[in-house]
Amino acid sequence: MAAVGVVSGKIIYEQEGVYIHSSCGKTNDQDSLISGILRVLEKDAEVIVDWRPLDDALDSSSILYAGKDSSSVVEWTQAPKERGHRGSEHLNSYEAEWDMVNTVPSKKKPHTNGDAPSHRNGKSKWSFLFSLTDLKSIKQNKEGMGWSYLVFCLKDDVVLPALHFHQGDSKLLIDCLEKYVVLYKSPQDKRTLLVNCQNKSLSQSFENLLDEPAYGLIQAGPLDRRKLLWAIHQWKKIKKDPYTATMVGFSKVTNYIFDSLRGSDPSTHQRPPSEMADFLSDAIPGLKINQQEEPGFEVITRIDLGERPVVQRREPVSLEEWTKNIDSEGRILNVDNMKQMIFRGGLSHALRKQAWKFLLGYFPWDSTKEERTQLQKQKTDEYFRMKLQWKSVSEEQEKRNSRLRDYRSLIEKDVNRTDRTNKFYEGQDNPGLILLHDILMTYCMYDFDLGYVQGMSDLLSPLLYVMENEVDAFWCFASYMDQMHQNFEEQMQGMKTQLIQLSTLLRLLDSGFCSYLESQDSGYLYFCFRWLLIRFKREFSFLDILRLWEVMWTELPCKNFHLLLCCAILESEKQQIMEKHYGFNEILKHINELSMKIDVEDVLCKAEAISLQMVKCKELPQAVCEILGLQDSEVTTPDSDTGEDENVGMTGSPTSTFQSDSLPVLATSGTRDDNPTQISVSPNVSRLTPA
């Protein structure tokens, strides 16, 4: 038996007497038989197939493994000794060699199986392991042979040596692999099994999954069973890592669940039993909303909000307009007016590098140019001190720091798939990717408690793109994370609060639509999870996100404006959802497929119009006032005799006035409104997320 621990993980299959017949015998017609052990192991989010010679099993330094670089090209790489102890953690991440300041990506040296480096033991060169996600097909032996054999073909057509099963049938291995992938015969060659690997991040065994009560409701055939197993695993994966799961969209998961539940009988193509609709609410720990236990719920009766005004947007703030608002010492003049203009039209791209530092709080609005220069010097020193902390950690130290290893592994994987179609991040060895990696690693030193959570790379990417500077991008990101911190905390209280608040707002705007969603088990709006988690980053184009974020960062026209953006999008989709009688699965699928199809300017106009409509309403429920921060605001409406409306929960803090007359505001009738609404917004509102 080989020593346990060469590749750590749970062994789910092990077979001795699995031979490779090499052609290195003394004569051309005689094979040299190399006896070995074949194992299948579960390790973190991977399933690994591992074969090695019996007398080489104790030496992990000789393993050749199929890894992927950032371009997903499979190559044979000699594994260093220390990598053997880390097993599969680095199979799908790029390698890097650090100096003290600069990141230098190491160059992998590809080898073919035939010209691999020599070893002291000639048998060592046949050792291999690969991730099941890299498997393309399996070729079986012809019928009637004395023993069975299998040939694994990886993606990019890398063919491994044939494995001959002298002491047992290969069928047990096939049965084991079928727990994780769907295998089906090739139409061209009945001996070849093609692999359909639905899940690219396998993390646990499927043993006994059908024993869970909800899954005993159905009878599934072999193919449906495998689909269902995969779907069930995905839900368990959501429980383990909701951030990653939401990035790929809930609808992909529900499609497999519901297809398996429905079966092939057209008469059963309906919503599955009600207990199946609870999957999503159960999937994310701490996110399930209990209306009886959660604070913030208020019975909202039907309220006439009045007519909704039609708003228009202006052109982006130009460099000339920005310069006119700066005094001789570099201070920004009339900050409130500048924020109004940015809210109305956004910024021209040439301005973003300057203005975003103010909007995110990196630079104080009242600072002089000299003060900002000194601040940058101070922040530069602080950044590189933190960066040095992780770059100076030796490999030996990192072996004893599982938390840092986990952060590095997650960051490397996320960086390699973040905005790779953007020219700033495309290609191999891209400096932008290196900076993304370094900033995220340094943030782990800045916030030890939070560290890195998947999804944070999506928030950093546009900031680095605009700043084009490592230090400035880091501090802008740190400021943005101050706003977004609750989204990524383990208890997910921030996400739960936002979903409750969004449900409250939508019910006020359209109780009928809310009732329909509730009838389809969608009342808690879990399909908006991704919108809220990373602020619509995956819903709009890259350039549109730049516009959307800078508008939200003005904190106008009210608190939690991002929730009104959600309402605006949902209102636009209401008609199709209701007229086509979409069920739970169809709603998830439809919302997920809106990605990159939403008009950012249209949504901003609708969301602002909703805010104005609510502000003018004198009977706004207290819960809504609190969500929008109106309890601390002085509201002036055209209907007031004195020009002032009653003060709701006034505080002694100073207020800044948001005026909607930067552009003409047209009423729904198309006439000009000569008494534009004014909304005073407390400058103390520093977050877009709820407190």
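Data block above holds the structure.
Residues numbered from 1 in each chain as written. Predicted model: local features only at pLDDT ≥ 70, side-chain atom pairs only at ≥ 80, totals over all residues. Heavy atoms only, no water.

## Observations regarding the nonpolar core
Phe 488, Phe 536 and Met 614 are the most contacted members of the largest nonpolar core, which has 122 residues in total. Those residues in contact with Phe 536, other than ones at most four positions away along the chain, are Arg 530, Trp 531, Ile 545, Leu 548, Met 552, His 562, Leu 565, Cys 566 and Ile 569. Ranked by size, the runner-up nonpolar core spans 32 residues in total, among them Ile 34, Leu 160, Leu 183 and Leu 193. (Core = buried A, V, L, I, M, F, W, Y, C linked by side-chain atoms within 4.5 Å. Buried < 20%, exposed > 50% of the residue type's maximum accessible area, 1.4 Å probe, protein only. Contact = heavy atoms within 4.5 Å.)

## Points about the pattern of salt bridges
Overall, the coordinates contain 30 salt bridges when judged by the stated rule. One salt bridge in this structure joins Asp 50 and Arg 52, with 2.6 Å as the shortest N-O distance. Each member of the pair, Asp 50 as well as Arg 52, is classed as buried. A salt bridge links Lys 606 to Asp 602, with the nearest nitrogen and oxygen atoms 3.3 Å apart. Taken together, the positions of Lys 606 and Asp 602, both in helix 22 (residues 600–616) and 4 residues apart, correspond to about one turn of that helix. (Salt bridge = Lys/Arg side-chain N within 4 Å of Asp/Glu carboxyl O. Helix = DSSP H or I, 4+ residues; strand = E, 2+ residues; numbered from the N terminus.)

## Quick notes on the packing of helix 16 (residues 493–509) against helix 17 (residues 511–519)
Helix packing for two helices is described by the angle between their axes and how far apart those axes are. Helix 17 packs onto helix 16 with a crossing angle of 125° between their chain directions and a minimal axis gap of 5 Å. Taken together, the axes of helix 16 and helix 17 lie oblique to each other. Two secondary-structure elements touch here, helix 16 through Ser 503, Leu 506, Arg 507 and Leu 509 and helix 17 through Ser 511, Phe 513, Cys 514, Ser 515, Leu 517 and Glu 518. Along the lines of polarity and charge, the residues of the contact of helix 16 with helix 17 split into 5 nonpolar, 3 polar and 2 charged. (Axes fitted to C-alpha atoms, helices over the stretch in contact; angles between N-to-C directions. Parallel < 35°, antiparallel > 145°, perpendicular 65-115°, else oblique. Nonpolar A, V, L, I, M, F, W, Y, C, P; charged D, E, K, R; others polar.)

## Quick word on helix 16
Over its 17 residues, helix 16 extends 25 Å from the first C-alpha to the last, a length consistent with the 24 Å expected when each residue adds 1.5 Å. With 15 of 17 residues buried, helix 16 is to be regarded as a mostly interior element. (Expected span 1.5 Å × (residues − 1).)

## Structural notes on unusual backbone geometry
With omega at -5°, the peptide bond leading from Leu 556 into Pro 557 counts as cis. If you check the backbone angles, Asp 429 has positive phi at about 50° while not being a glycine. Counting through the fold element by element, Asp 429 comes out in the loop between helix 12 (402–415) and helix 13 (431–446). Notably, Asp 521 is not glycine yet its phi reads approximately 60°, a positive angle. Tracing the sequence through the fold places Asp 521 in the loop between helix 17 and helix 18 (529–533).

## Here we look at the packing of aromatic side chains
Within this structure, the stated rule accounts for 26 aromatic pairs. Ring geometry for Phe 358 and Phe 363: centres 5.6 Å apart, planes at 75°, overall edge-to-face. According to the relative accessible area criterion, Phe 358 is buried, its value standing at 5%. Relative to Trp 475, the ring of Tyr 446 lies with its centre 5.7 Å away and its plane at 85°, an arrangement referred to as edge-to-face. A residue pair is termed long-range when its members are at least 10 positions apart, and Tyr 446 in helix 13 and Trp 475 in helix 15 (residues 470–484) qualify at 29 residues. For Tyr 446, a relative accessible area of 32% corresponds to the partly exposed category. Taken together, Tyr 383, Phe 384, Tyr 443, Tyr 446, Phe 474, Trp 475 and Phe 477 form an aromatic cluster joined through their ring pairs. Over the aromatic face of Trp 475 sits the side chain of Lys 379, whose NZ or CZ is 4.1 Å from the ring centroid. (Phe/Tyr/Trp six-rings, centres within 6.5 Å; stacked < 30°, edge-to-face > 60°. Lys NZ or Arg CZ within 6 Å of the ring centre and 35° of its normal.)

## Some thoughts on helix 9 (residues 349–359)
Listing the buried residues of helix 9 in full gives Leu 351, Arg 352, Ala 355, Trp 356, Lys 357, Phe 358 and Leu 359. Downstream of helix 9 by a residue or two, Gly 361 has a phi angle that is positive, lying close to 90°.

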